[in-house]
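Below are the chains, spelled out letter by letter.
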Amino acid sequence: MILLLKIYWDKNLYDKVALYQKRQELKQIVTYLLQDFSSIKTQLSNHPPPIKRKCDFNAYFVCYFITVLKNSENYRLAVTKYLFNTFQLDTSSVLRIRIRLFNPQKHIIDYKWGNILNDLCHERRELDSALAWLSTLGGAFSALGDNFEHCAIMAGRISVTQFKIAIRLGDPPTVSRCRLFYALSLIQRGSLKMARSIIENEYKKAITVYARDRRLRKMCCGIWAKLQYEWKRKLKSR
């Protein structure tokens, strides 16, 4: 048996689920839940025309129903058994149900999740603020890093702190920028080979993963130019 569920909201297709049941060895019935109908098109061609039904359901109920279908094999077996008995189906039947969602009379207010979101928003705001302050402070130390080694060291420490915050924020382009800040600190301290490795890795990401981020590419090129200048100056001083 194959159960096809198409869920609509205001005449627009919202979701679709296929419940496919088959017998394995020892007469064991196994059910599979599929989000994509294309994977069972070949099976549909071997079945009789589908039995079509329409129904309206509360959006909350459909959400719970689909979630339990996905997570529970026993529940899927219970649903197929109920449909067998209700619509008098056989093993080759295809049942297509069109579900139209409607707004519930009373909405569920999830206060616990609301508090979690509030805390996450507050944390994001504070981290963004800290990142901005550290960016200003790191820029000041980096500007002095060419002449004072302790300023270059402090700029490197600030970039590491920014790196940790960017990871917490889940912002990959900012993580790359923090690595480049650290590479600039390494250049100022004379660790040119390590800085070169960092810049090359971040540039590869800038032209592939973050292809739309032109600022990151230009930043890589700018720090690479700084690296070339320091390398040539180091060779001349020998």
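Cut-offs applied
All chains use their own residue numbering, which begins from 1 and follows the written sequence. In view of the model being predicted, local features appear only for residues whose pLDDT reaches at least 70, and side-chain atom pairs are presented and counted only at 80 or more, with totals across whole chains, interfaces and linings using the full set of residues. The side-chain figures draw on all heavy atoms in the structure; neither hydrogens nor water molecules are used. Each patch is built from residues that are more than 30% exposed by relative accessible area and take part in no salt bridge. Like charges join if they lie within 9 Å; nonpolar side chains (Val, Leu, Ile, Met, Phe, Trp, Tyr) join within 5 Å. In this description, accessible areas are obtained by the Shrake-Rupley approach with a 1.4 Å probe, and a residue is regarded as covered only by the protein chains that are shown. For this analysis, a salt bridge means a side-chain nitrogen from Lys or Arg found within 4 Å of a carboxyl oxygen belonging to Asp or Glu. Strands here mean DSSP runs of E at least two residues long; helices mean DSSP runs of H or I at least four residues long; both are numbered from the N terminus. In a helix, the anticipated span is given by 1.5 Å times the number of residues less one. Note on classification: 1.4 Å probe, protein chains only; a residue is buried when its accessible area is under 20% of the maximum for its type, exposed when over 50%, partly exposed between these limits. Contacts were defined at the residue level, with two residues in contact if any of their heavy atoms lie within 4.5 Å. Convention adopted: a line fitted to C-alpha atoms gives each axis, helices being fitted over their contacting stretch, and angles between N-to-C directions are expressed from 0 to 180 degrees. Angular relationships are summarised with four words: roughly parallel below 35 degrees, roughly antiparallel beyond 145, roughly perpendicular across 65 to 115, and oblique for the angles in between. Left-handed describes a crossing whose near helix is turned anticlockwise from the far helix by less than a right angle; the clockwise case is right-handed. Under the scheme applied here, ten amino acids are nonpolar (Ala, Val, Leu, Ile, Met, Phe, Trp, Tyr, Cys and Pro), four are charged (Asp, Glu, Lys and Arg), and all others, including Gly, are polar.

What follows covers a nonpolar patch on the surface. A grouping of Trp-113, Ile-116, Leu-117 and Leu-120 is seen on the molecular surface, where their side chains present a nonpolar patch of about 360 Å² in accessible area. Here Ile-116 shows up in helix 4 (residues 111-144).

Moving on to unusual backbone geometry. Phi is positive for Asp-10, which is not a glycine, with a value near 55°. Checked against the element boundaries, Asp-10 lands in the loop between strand 1 (2-9) and strand 2 (12-23). A positive phi is found at Lys-11, a non-glycine position, where the angle reads about 70°. Relative to the assigned elements, Lys-11 resides in the loop between strand 1 and strand 2.

With that out of the way, let us pick up helix 5 (residues 149-169). Its 21 residues place the ends of helix 5 30 Å apart at the C-alpha level, agreeing with the 30 Å of an ideal helix rising 1.5 Å per residue. Along helix 5, the positions that sit buried rather than exposed are Cys-151, Ala-152, Ala-155, Gly-156, Ile-158, Ser-159, Gln-162, Ile-165, Ala-166 and Leu-169. Buried residues along helix 5 sit in contact with helix 4 and helix 6 (172-189). A positive backbone phi angle near 70° is found at Gly-170, which sits one or two residues after helix 5.

With that settled, the discussion passes to the packing of helix 5 against helix 6. Their axes nearest at 8 Å, the elements helix 5 and helix 6 cross at an angle of 165°. Considering the angle they form, helix 5 stands roughly antiparallel to helix 6. The crossing of helix 5 and helix 6 is left-handed. Mapping the contact onto sequence places Glu-149, Ala-152, Ile-153, Ala-155, Gly-156, Ser-159, Val-160, Gln-162, Phe-163, Ala-166 and Ile-167 in helix 5 and Thr-174, Val-175, Cys-178, Arg-179, Phe-181, Tyr-182, Ser-185, Gln-188 and Arg-189 in helix 6. In the contact of helix 5 with helix 6, the residues fall into 11 nonpolar, six polar and three charged.

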